[in-house]
Amino acid sequence: MCCSYCGIFYYSMLALVMQMRVTQGLLLRGSNATAVVPGKEVCEVLTNEETFASIKVSVGSPAQSFHVVADTGSNHVIVKDCVCTQCLPEWGKACFVEPKKSTTFKVPLFQNNYDGESGEKKGPSPARMALNFGSGEISAEIASDQISIGQVQANMENGVLLMYDHSLEIRSHFEGILGLGRPNPEFKPRPGQPEGLTIPGFFDTAKVRHFSICFNHGTDGVLGMHTAQHPKPLTSVGKTHWAMDFHGISVGDQPLKMRSCDPALKKPEMETACSIIPDTGTTLVVGPEQQIASLYEDLCNNWQRCQNTHKDLQAEIEKMKSNGIKIEGPAGALDLAESDRDHFMDVVAKVMARSSPKKPSLVDEPDVLNKARAIDAKTIPYVISKASGKENSTDVTGKAIPVIPEASASKQEEEGRPWRGEEGKFSLPPTMTLQLLLEHCSSWIEKVDLNQEMPEIKFHVADTKGNKDILQIPASSYIFSKAVNVEVPSIRNVSGFPLKIRTTQNEKVCMMGFSSMDYSTEQNGDVWIFGTPLFYEYTAHYDRGEGEAKEIQMGFTSKKESECGKCQGEQIVRSSLLTEKADTNTKVGLDALNHLSKQPIIRKLPKGMKHV
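What comes next concerns the included structure. (Residues numbered from 1 in each chain as written. Predicted model: local features only at pLDDT ≥ 70, side-chain atom pairs only at ≥ 80, totals over all residues. Heavy atoms only, no water.)

## A look at the state of the cysteines
Where we set the bar: Count a disulfide wherever a pair of cysteine sulfur atoms falls within 2.5 Å. Strands are runs of DSSP state E lasting at least 2 residues, helices are runs of H or I lasting at least 4, and numbering of each runs from the N terminus. A 1.4 Å probe rolled over the protein chains alone gives each residue an accessible area, and that area as a share of the maximum for its type sets the label: buried under 20%, exposed over 50%, partly exposed in between.
Overall, the coordinates contain 7 disulfides when judged by the stated rule. Residue pairing for Cys441: its cysteine sulfur links by disulfide to Cys510, the two sulfurs lying 2.1 Å apart. Classification of the bridge connecting Cys441 and Cys510 rests on its S-S torsion, roughly 85 degrees, and on that basis the disulfide is right-handed. Residue Cys441 is located in the loop between helix H7 (430-439) and helix H8 (450-453), and its partner Cys510 is located in strand S25 (residues 497-512); the two are separated by 69 residues in the primary sequence. Pair check on accessibility: Cys441 and Cys510 agree, each one buried.

Below you can see the structure in the form of structure tokens.
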């Protein structure tokens, strides 16, 4: 999956069939009871897919198995139908074969009262619906069949959606979705929906009220079902998603910032000033760009390595300016997206080389400089150019150098991120230094314990009843590693002639686990999405309630208190009971980070939401 289909897991029903009525007696009948004793805790493995977690779902009798996305941001069970000719080869071969292969499969028929252009009423026919995702639409047929997750089974009457067409942009393995979203007691059937038709979620039918989710670094996680209630739950805010009141972020021991999320500043008609959605279907942490930029600055200012690098970069840029190199470029907001890579400026290469534990000289170890030059292309989308009137004024490579633009002092002061120093001089923002330092982490990170060197990020959450919690995320979960192809320039002596050549090498870089999205709602203010970093550090406990909104709750247990564990048979095994305990705390350098070989998934929320 990739960013081009950001938010694929959020969807809403667009249309069913027009003016339909249920044809009595044609629906699947039978028991919906689970196959395990209610209240007995059971579990199923969550496969670590890097950007999300998948879970094995069995459909039909005999069972056909699918590894689908475990998604707390949606509510339905969707599997790929074999009739889907538009489904891509990259999605894999698994698909639901023709109905005759399952003895428990049925397609409910509905009376179609829509006359259409012919003016004739049509007879009973299967119901189809369109699901709108962030990157396109899924067309699915409503069916009924038996579904099981581990030892928990349910007969899903009208609850299996068979995808037969789509307009998605998925370019990796994808077999379907298991919706684990928040129940909505206030749900009302949409206009045109067949009378008496409901499309239940799996936990609705299987009568699973409590469940838990957690991920493990570098290995599989756990979905617990019929788990114990969390001792200190937070009541979910909003109406559509699992969500919490969000008061802001603090870095290390610094005080809470983000004044825009101060509960005292919310309008009387609002439920919360800001909100945050815990979401297994989103890889990163997503929030407003300005607030993320402020967080980046605080991180750099509270990380000694970043402070030192920032001072060195500023000093080098001032030297270049004194040599007649002028800073140019339009003023604009900080680009928090991943950088492109074509070439790299020598000034950054010099400073990054100094950050290496070996501190190589640029003369003795030119390969360090060459790799640093090659690893970025337009890391900062602006240039330092020759000053007018100084025709021969260039940097040491003779090329223009990417750098931060000059910006209006008023705009930056307003955002709390001044890019100018004293007397109006240009000042490199710490936010950019942080990103440059991480992009060149391979030069210094080898034996570094980032959890010891970098501050934790603390997310201050609450509910509307006055209950509060602080979710602390260490560097090993908010920083990811990623492999990129870079061109390394060098000079080779061929028959006495020095020839400039470029070779492609695969290098690992580090990246912040954040992405920007400016989205606000009337009732719940600015919206953040808390993706996989949360589930690597906490076991999230969910209470789906029994029909009232006040019963819908969630709570979080830090892995410092109780580790995620592993699923052995039907049991969640933790602590001393584990025979093979993975101690990620002993890992350092790149090995301590979660690695991404695919583009991260970012949920895209629909426009015009009044609440989360």
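After that view, the rundown keeps rolling.
## Considerations on H7
Most of H7 is tucked away: 10 of the 10 residues are buried. When we look at burial in H7, the residues that qualify are Pro430, Thr431, Met432, Thr433, Leu434, Gln435, Leu436, Leu437, Leu438 and Glu439.

## Considering helix H2 (residues 289-301)
It helps to recall that an α-helix has 3.6 residues per turn; residues three or four apart then point in one direction. Keep this limit in mind: One less than the number of residues in a helix, times 1.5 Å, gives the span that helix is expected to have.
Across its 13 residues, H2 extends 18 Å between first and last C-alpha, which sits within 8% of the 18 Å expected from 1.5 Å per residue. Inspection of H2 places Gln291, Ile292, Ala293, Leu295, Tyr296, Glu297, Asp298, Leu299 and Cys300 among the buried residues, and these make up the whole buried set.

## Some remarks on the environment of Asn467
Which entries qualify depends on this criterion: Note on contacts: a residue pair qualifies if any of its non-hydrogen atoms lie within 4.5 Å across the two residues. Each polar contact in these results corresponds to two N or O atoms within 3.5 Å; when the atoms are within protein, one needs to be able to donate a hydrogen and the other to accept it, and residues that are neighboring in sequence are counted only if both atoms are side-chain atoms.
Here Asn467 is to be found in the loop between strand S22 (457-462) and strand S23 (468-473). Residues in contact with Asn467, not counting those within four places in the same chain, are Pro233, Leu234, Val461 and Ala462. Of note is the side chain of Asn467, whose polar atom sits 3.0 Å from the side chain of Asp463.

## Section: empty space enclosed by the protein
What counts, and what does not: Cavity means a closed set of points on a 1 Å grid over the protein atoms alone, one where a 1.4 Å probe fits but cannot get out, pocket means an open set with protein on both sides within 12 Å along at least 5 of 7 lines, and lining means a residue has an atom within 4 Å of a point. Grid points are joined across faces, edges and corners, and a volume is the space filled by probe spheres set on the points. Under the convention adopted here, Pro, Cys and the residues Ala, Val, Leu, Ile, Met, Phe, Trp and Tyr are nonpolar, Asp, Glu, Lys and Arg are charged, and Gly plus all remaining residues are polar.
This structure, assessed with the given rule, holds 4 cavities of 30 Å³ or more. Estimated volume of the largest cavity: approximately 60 Å³. Every element with two or more residues in the lining of the largest cavity is listed here: strand S3 (42-48), strand S13 (210-216), strand S14 (219-225) and helix H10 (532-537). Grouping the amino acids of the lining of the largest cavity by side-chain chemistry returns 5 nonpolar, 7 polar and 3 charged. Of the pockets and cavities examined, the second largest cavity occupies roughly 50 Å³. If you go around the second largest cavity, you meet 13 residues; those closest to its centre are Gln229, His230, His541, Tyr542 and Asp543. For the lining of the second largest cavity, the per-class residue count stands at 5 nonpolar, 7 polar and 1 charged.

## Structural notes on unusual backbone geometry
In this structure, the amide linkage connecting Ser61 to the following residue, Pro62, adopts the cis form with an omega of 0 degrees. Relative to the elements of secondary structure, Pro62 occurs in the loop between strand S4 (53-59) and strand S5 (64-71). Not every positive phi belongs to a glycine, and His226 is a case in point at roughly 60 degrees. Turning to its location among the elements, His226 is positioned in the loop between S14 and strand S15 (234-235). A residue is classified by how much of its surface remains accessible, and His226, at 10% relative accessible area, is buried.

## Describing the packing of helix H3 (residues 304-322) against H7
Let me state the cut-off plainly: Angular values range over 0 to 180 degrees, each being the angle between N-to-C directions of two axes fitted as lines to C-alpha atoms, with helices fitted over their stretch in contact. Geometric relationships in this document are graded by angle, where less than 35 degrees denotes roughly parallel, more than 145 denotes roughly antiparallel, 65 to 115 denotes roughly perpendicular, and other angles denote oblique.
Between H3 and H7, the shortest axis-to-axis distance is 9 Å and the interhelical angle comes to 110 degrees. In terms of their interaxial angle, H3 and H7 are classed as roughly perpendicular. Mapping the contact onto sequence places Arg305, Cys306, Thr309, His310 and Leu313 in H3 and Pro430, Thr433, Leu434, Leu436 and Leu437 in H7. Within the contact of H3 with H7, the residues separate by chemical class into 6 nonpolar, 3 polar and 1 charged.

## Considerations on the pattern of salt bridges
In plain terms, the rule: By salt bridge we mean one thing: a side-chain nitrogen of Lys or Arg within 4 Å of a carboxyl oxygen of Asp or Glu.
Scanning the model with the defined rule gives 11 salt bridges in all. In this structure, the salt-bridge partner of Arg603 is Asp71, at a minimum N-O distance of 2.7 Å. Of this pair, Arg603 sits in the segment after strand S33 (594-596) while Asp71 sits in strand S5, placing them 532 residues apart in sequence. For the pair shown, Arg603 and Asp71 are each scored as buried.

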